[in-house]
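The primary structure of each chain is shown beneath.
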Amino acid sequence: MKVLKFGGTSVGSLQSISTLIEIVKQEQAEGNPVVVLSAMSGVTNLLTAMAAKAEKGEDYSDDLKHIEKRHFDVVKALLPAGLQNPVLTRLKIYFNELEDLLQAVFNLRELSLQTRDLILSYGERCSTLMVSHIANKHFEGSLFVDGSELIKTNSDFGSARVETELTERLISAFYRAHTGRVLFVTGFIASNAQNRLTTLGRGGSDYTAAVWASALNATEIQIWTDVNGMMTADPRMVSKAFPLPELSYTEAMELSYFGAKVIYPPTMIPAFLKKIPIVIKNTFQPDFPGTYIRNDVRASELLIKGISSIDEISIINLSGSGMVGKTGFSGRLFSLLSREQINIVLITQSSSEHSITFAVKPEDAVRAVALISKEFELELDARKLDMPEIENDLSVLAIVGENMKHTPGMSGKLFHALGRNGVNVRAIAQGSSEYNISVILTRSDLSKAVNAVHDAFFTELKRTLNVFCVGTGNIGKTLFRQLQEQAAFLATNNDLQVKVIGMANTRQMYFDEHGIDLNAWEDVLPAHGEPADLAQFVQRMKAFNLPNCVFVDNTASEAPVAFYQSVLASSISVVTCNKIGNSGSLEQYRSFKDTARRFGVDFFYETNVGAGLPIIKTLKDLMVSGDKLSKIEAILSGTISFIFNNFNGTHDFASIVQTAQDKGYTEPDPRDDLNGKDFMRKMLILARDAGYPMESSDVVIENILPESCLQAASVPEFYEELVRNRDYFEKLKTDAERSGKVLRYIGTLENGSVRIALEMVDESHPFYMLSGSDNIISFTTDRYKDRPLVVKGPGAGAEVTAAGVFADIMNVGHRL
């Protein structure tokens, strides 16, 4: 036979009760089950609130009427009129008794634990009476059983301990006397030796089911709830959490102890002792297999089975020289707390024995410190102990699984996931069984921590990058399109999901914690965005406190650069195509690098130098592999490259510059490209990455324009000056042709110096055959001495620049 327990949501509505009846019908085909019921969903909380109101002298009548109406409505809807009266009459008696109790509390302004237990008992009594009569309509022999008459406990009201031997005798005798009937038993409630009603504490209905199953040697306990079993994490916190097919008793108890609310740990003890399987099933999806908790679990490939957490906890730190080598100190401390019914959630002690840290419920922390101060008064007065310290607003996160025992590197993986996301660990505990590693962390970081750890351990799921983008111009727009087009590819080949959580331009900003639809962002941003405020954008990004965050700068503005430092210090990676930051002061450049390294995040800027060309990566690979750099030569301006590649005699210099502007290769004022400043920034970044501590003033730029062109008052006047200086440009070209050479505007890094100048190169030079607007760079090193390593390709344009930003984002993802 089986014991079926149905939770509050399973008896909370007409539909769920109808489903419950169908489930019991199916199980009855294999033998009459015992059905244990909780109060209707929300009723226990209402009863608790009503008792509190009565104690304060406040009105509770509306709540009482609400509970009564809920039960009466179900009876009237699910029973024929001719069968309703006996049930409604008995329910009315219960509600009258409840009202009398509350009135007594109201009059006395006193609520004892015993009275509170009696008030709460009416939730289970009313629901079970109601459902048993409804069931009797569908199959004869249903019997309402007041479980308090059969489960005997001590007199610890509120959380009574079961007298197992007596209880099992009573249950066995009762069951034998009612063979052939379906028993509907009240969960949660019991009674002491004086037949005074007691309750079994949190999860008491589950415990009732386990006690009955143990007494009757049941083949299975089914816990019917509103989820599909035990999940890998709290689904309210982790959207990617999934149900586990099976768990061992130990794994289930560890998960439940640290906050998994599907089942309460004491429930499993009677089942564990008799090796009775427990199945967690969903009333609302009864065909889903659920989670089996049993002794003989199959081998699993999962590194861990789940991540559990306690949302709110306090820790007490106790330290002092009087603890070192003091035999029995810990026993004295924890015996004291045990006598006073203060539960210790977690303990950790330094190897020097100089300090002990333990976690308790927040409501117990102040009382615990008072007790410790009194017990160790002499040691405190003698300054052998420091005053105990309380830290509040903390949470516990625990990873659980039997495979942890056989797998090296589990702690490293856990702490890497936490550290990379800026989660500070306040205390650590691991049992000798190695089934559990628990950490205490700041409460505000709990959700981020659980999501980061879930991504790290359940690698068969897609890791998630949460991206915040500033800049929706050509590069930003192209990046969004590329991310959308490649979403399926990333999921299939990289096990990676990229969510754009926030985006901003100079006018508006918009956020969606679940991810912005990149097919519709151009409509959503203007329609639903709020006025842009970059400081507020960054603050909101930090406030989301999401794991695996990336700040992407797709602008050419100084404004976002001012926030890089604080973003990196918040454990958020930065990806930027904006070269202003890295070409600013050397101090700023170093600060960005140092902050990223200190906080364990990434600062990627491949597109600062050559758009999508792998220039920064190539330089870094050469250096980390021990190669020695002799010289870098580069053409890193697509604009200037186009102009000189086409200055071959078919058109004059002014016409070619005008064509470049018409094609969109130049800034609105072409001098912003031709003055070499953008080129200088790129060479400066290369020099710094090559290890040279340079400022922008150290870069020598030789102008390619006559002074009159540079000083022209407007763009039209600039073109006029280009025409007037035609002979100057023609002479440059002619001199090169006579020497069998071509003109190239080249940046050179050699012997710690950077120079950008117009040079003539012959056909032996790798830049001789350059065409179009391509960029090119050559690395001369000890390994590439006779034939330099050359990287060549488009160095500008939204498509390739966005692709470079995309690649940097992927590189962040691969380092999670």
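Keep in mind that this is a model prediction, so the values were computed, not measured.

Engineer: Honestly, the overall build of the protein in this entry has me stumped. Any pointers?
Structural biologist: Secondary structure summary: the protein contains 30 helices and 29 strands in total. For the protein, the C-alpha radius of gyration of 37 Å lies well beyond 28 Å, the compact-globule estimate for 816 residues. Looking at the protein residue by residue over its 816 residues, the buried ones come to 52%. Across the protein, every contact between residues at least 6 apart in sequence was considered, and the portion connecting residues at least 24 apart equals 72%. As presented, the protein carries roughly 35800 Å² of accessible surface, and 48% of it is formed by carbon and sulfur atoms.

Engineer: How should I be thinking about the nonpolar core in this particular structure?
Structural biologist: One broad trend across soluble globular proteins is that nonpolar side chains are buried collectively. Residues F551, L686 and L722 are the most contacted members of the largest nonpolar core, which totals 72 residues. Sorting elements by how many residues they give to this core places helix 26 (residues 677-689) first, with seven residues. In this structure L686 touches V609, I615, I616, L619, I632, L636 and I777, once residues within four positions along its chain are discounted. Listed in part, the 64 residues of the second largest apolar core include L244, I263, I276 and L446.

Engineer: Whenever I open this one, the sheet that holds strand 12 (residues 346-349) confuses me. Can you help?
Structural biologist: Across a sheet, paired strands are connected by hydrogen bonds in the backbone, their directions being either parallel or antiparallel. Spatial ordering of the open sheet is given by 12-13-11-14-16-15, a layout of six strands whose pairing is antiparallel. Each edge of the open sheet carries a strand with a single partner, namely strand 12 and strand 15 (425-430). Sheet twist, expressed as the average angle between the axes of neighbouring strands with direction ignored, equals 30 degrees. Where strand 15 lies against strand 16 (residues 436-442), five bridges are found, and the strand directions are antiparallel. Counterpart to A429 in the pairing with strand 16 is S438. This element, helix 8 (residues 249-257), spans strand 11 (306-319), strand 14 (389-400) and strand 16 of the sheet and lies at about 60 degrees to strand 11.

Engineer: Can you help me understand the packing of helix 7 (residues 204-216) against helix 9 (residues 265-274) in this one?
Structural biologist: Helix-helix packing is described using two parameters, namely the angle between the two axes and the distance between the axes. Put simply, helix 7 and helix 9 touch, their axes get as near as 7 Å, and they point 15 degrees apart. On the basis of their axis angle, the class for helix 7 and helix 9 is roughly parallel. Crossing angle aside, the handedness with which helix 7 passes helix 9 is left-handed. Along the contact surface, helix 7 presents D206, Y207, A210 and S214, while helix 9 presents P266, T267, P270 and K274.

Engineer: Where do I start with the packing of helix 2 (residues 43-56) against helix 5 (residues 113-138) in this structure?
Structural biologist: As a packed pair, helix 2 and helix 5 sit with axes 9 Å apart at the nearest point and diverge in direction by 150 degrees. Overall, the two elements helix 2 and helix 5 adopt an arrangement that is roughly antiparallel. Crossing of helix 2 over helix 5 shows right-handed handedness. Contacts between helix 2 and helix 5 involve V43, T44, L47, T48 and A51 on the former and, on the latter, R116, I119, L120, Y122, G123 and E124. Within the contact of helix 2 with helix 5, the residues separate by chemical class into six nonpolar, three polar and two charged.

Engineer: In this structure, what is going on with the environment of T639? I would like to understand it.
Structural biologist: Within the secondary structure layout, T639 lies in helix 23 (residues 638-645). Judged by relative accessible area, which is 6%, T639 ranks as buried. Sequence separation between T639 and G664 is 25 residues, and the spatial gap between their C-alpha atoms is 9.2 Å. For T639, the contacting residues outside a window of four places in its chain are Y665, T666 and D673.

Engineer: Honestly, the side chain of D364 in this entry has me stumped. Any pointers?
Structural biologist: For D364, the position within the fold is in helix 11 (residues 362-375). No salt bridge is formed by the buried D364; its nearest oppositely charged neighbour, R367, is found at 4.0 Å. Residues contacting D364, with those up to four places away along its chain left out, are I342 and N343.

Engineer: Any chance you could explain helix 22 (residues 615-624) here in plain terms?
Structural biologist: Each turn of an α-helix holds 3.6 residues, which means side chains three or four residues apart point in the same direction. For helix 22, the full list of buried residues reads I615, I616, T618, L619 and L622. Down the axis of helix 22, the buried side of the element spans an arc of 165 degrees, and every buried residue falls inside it. Where helix 22 is buried, its residues contact helix 21 (607-610), strand 24 (629-635), helix 26, strand 28 (774-781) and strand 29 (789-794). Among the residues trailing helix 22, G626 stands out with phi positive, at a value near 90 degrees.

Engineer: Help me understand the pairing of strand 4 (residues 182-186) in this model?
Structural biologist: The two faces of the sheet receive side chains in turn, since in a regular strand these alternate between them. Where burial is concerned, most of strand 4 is hidden: five out of the five residues are buried. On strand 4, burial covers both faces: V182, F184 and T186 on one face and L183 and V185 on the other are all buried. Where strand 2 (residues 34-37) lies against strand 4, four bridges are found, and the strand directions are parallel. Within strand 4, the position partnered with V36 by the bridge is V185. Considered for its hand, the β-α-β crossover made up of strand 3 (residues 142-145), helix 6 (residues 164-177) and strand 4 is right-handed.

Engineer: Please clarify how the packing of aromatic side chains should be interpreted in this entry.
Structural biologist: Note on aromatic pairs: each is described by the distance of the centres and the angle between the planes. Enumeration according to the criterion identifies 25 aromatic pairs in this entry. With centroids separated by 5.3 Å and ring planes inclined at 55 degrees, the aromatic side chains of Y564 and F592 adopt a geometry described as tilted. Note that Y564 is positioned in helix 19 (residues 564-569) and F592 in helix 20 (residues 586-598), a separation of 28 residues in sequence. A single burial state applies to Y564 and to F592, both of which are buried. With centroids separated by 5.3 Å and ring planes inclined at 75 degrees, the aromatic side chains of F647 and F653 adopt a geometry described as edge-to-face. Each member of the pair, F647 together with F653, is buried. Connected via pairs of aromatic rings, a cluster forms that spans F551, Y564, F592, F603 and Y605. A cation over a ring is seen here: R90 above Y94, with NZ or CZ 4.3 Å from the ring centre. Its end group placed over the ring of F647, K733 keeps NZ or CZ at 5.8 Å from the ring centre.

Engineer: What is the right way to look at the side chain of N608 in this model?
Structural biologist: Relative to the helices and strands, N608 is located in helix 21. Other than its neighbours up to four places away in sequence, N608 contacts T576, C577, N578, K579, N582, K682 and I685.

Engineer: In this structure, what is going on with the sheet that holds strand 8 (residues 246-248)? I would like to understand it.
Structural biologist: The mixed open sheet is built from eight strands, whose spatial order is 3-4-2-1-7-9-10-8. Either end of the sheet is taken by a strand with one partner, and the two such strands are strand 3 and strand 8. Strand-to-strand twist in this sheet, taken as the mean axis angle between neighbours without regard to direction, amounts to 20 degrees.

Engineer: Can you help me understand the pattern of salt bridges in this one?
Structural biologist: Any two side chains of opposite charge can pair, given that their charged atoms come close. If you walk through the whole model with that rule in mind, you get 44 salt bridges. Across the salt bridge formed by E251 and K305, the nearest N and O atoms sit 3.0 Å from each other. Of this pair, E251 sits in helix 8 while K305 sits in the loop between strand 10 (291-294) and strand 11, and the two are 54 residues apart along the sequence. A single burial state applies to E251 and to K305, both of which are buried. Salt bridges here are not isolated pairs; linked through shared partners, they connect K2, E27, E30 and E220.

Engineer: Help me understand the pairing of strand 14 in this model?
Structural biologist: Pairing of strand 11 with strand 14 involves nine bridges; the strand directions are antiparallel. Opposite N317, over in strand 14, you have E389 as the bridge partner. The pairing of strand 14 with strand 16 spans seven bridges and is antiparallel. Bridge pairing in strand 16 places I399 opposite I437.

Engineer: Would you mind going over the environment of I189 with me for this structure?
Structural biologist: Its place among the elements puts I189 in strand 5 (residues 189-191). Taking the relative accessible area as the measure of exposure, I189 reaches 0% and is therefore buried. Taking C-alpha positions, I189 is 53 Å from R815, a pair spaced 626 residues apart along the chain.

Engineer: Whenever I open this one, the environment of K240 confuses me. Can you help?
Structural biologist: Secondary-structure assignment places K240 in the loop between strand 7 (220-225) and strand 8. Classification of K240 as partly exposed rests on a relative accessible area of 22%. Each C-alpha atom, one on K240 and one on N451, is 8.6 Å from the other, the two residues being 211 residues apart in sequence. Not counting the four nearest positions on each side in its chain, K240 is found in contact with H454, D455, L461, K462, R463 and T464. Among the polar contacts listed, one links the side chain of K240 to the backbone oxygen of K462, at a separation of 2.3 Å.

Definitions and limits used
- Residues numbered from 1 in each chain as written.
- Predicted model: local features only at pLDDT ≥ 70, side-chain atom pairs only at ≥ 80, totals over all residues.
- Heavy atoms only, no water.
- Helix = DSSP H or I, 4+ residues; strand = E, 2+ residues; numbered from the N terminus.
- Rg over C-alpha atoms; globule rule 2.2 N^0.38 Å.
- Buried < 20%, exposed > 50% of the residue type's maximum accessible area, 1.4 Å probe, protein only.
- Contact = heavy atoms within 4.5 Å.
- Areas by Shrake-Rupley, 256 points an atom, 1.4 Å probe, with all protein chains shown as cover.
- Core = buried A, V, L, I, M, F, W, Y, C linked by side-chain atoms within 4.5 Å.
- Pairing = 2+ DSSP bridges.
- Axes fitted to C-alpha atoms, helices over the stretch in contact; angles between N-to-C directions.
- Parallel < 35°, antiparallel > 145°, perpendicular 65-115°, else oblique.
- Left-handed = near helix turned anticlockwise from the far one by under 90°.
- Nonpolar A, V, L, I, M, F, W, Y, C, P; charged D, E, K, R; others polar.
- Lys, Arg positive; Asp, Glu negative; His and termini not counted.
- Salt bridge = Lys/Arg side-chain N within 4 Å of Asp/Glu carboxyl O.
- Arc of directions from axis to C-beta.
- Right-handed = clockwise from strand over helix to strand, strands pointing away.
- Phe/Tyr/Trp six-rings, centres within 6.5 Å; stacked < 30°, edge-to-face > 60°.
- Lys NZ or Arg CZ within 6 Å of the ring centre and 35° of its normal.
- Polar contact = N/O pair within 3.5 Å; in protein donor to acceptor, adjacent residues only side chain to side chain.

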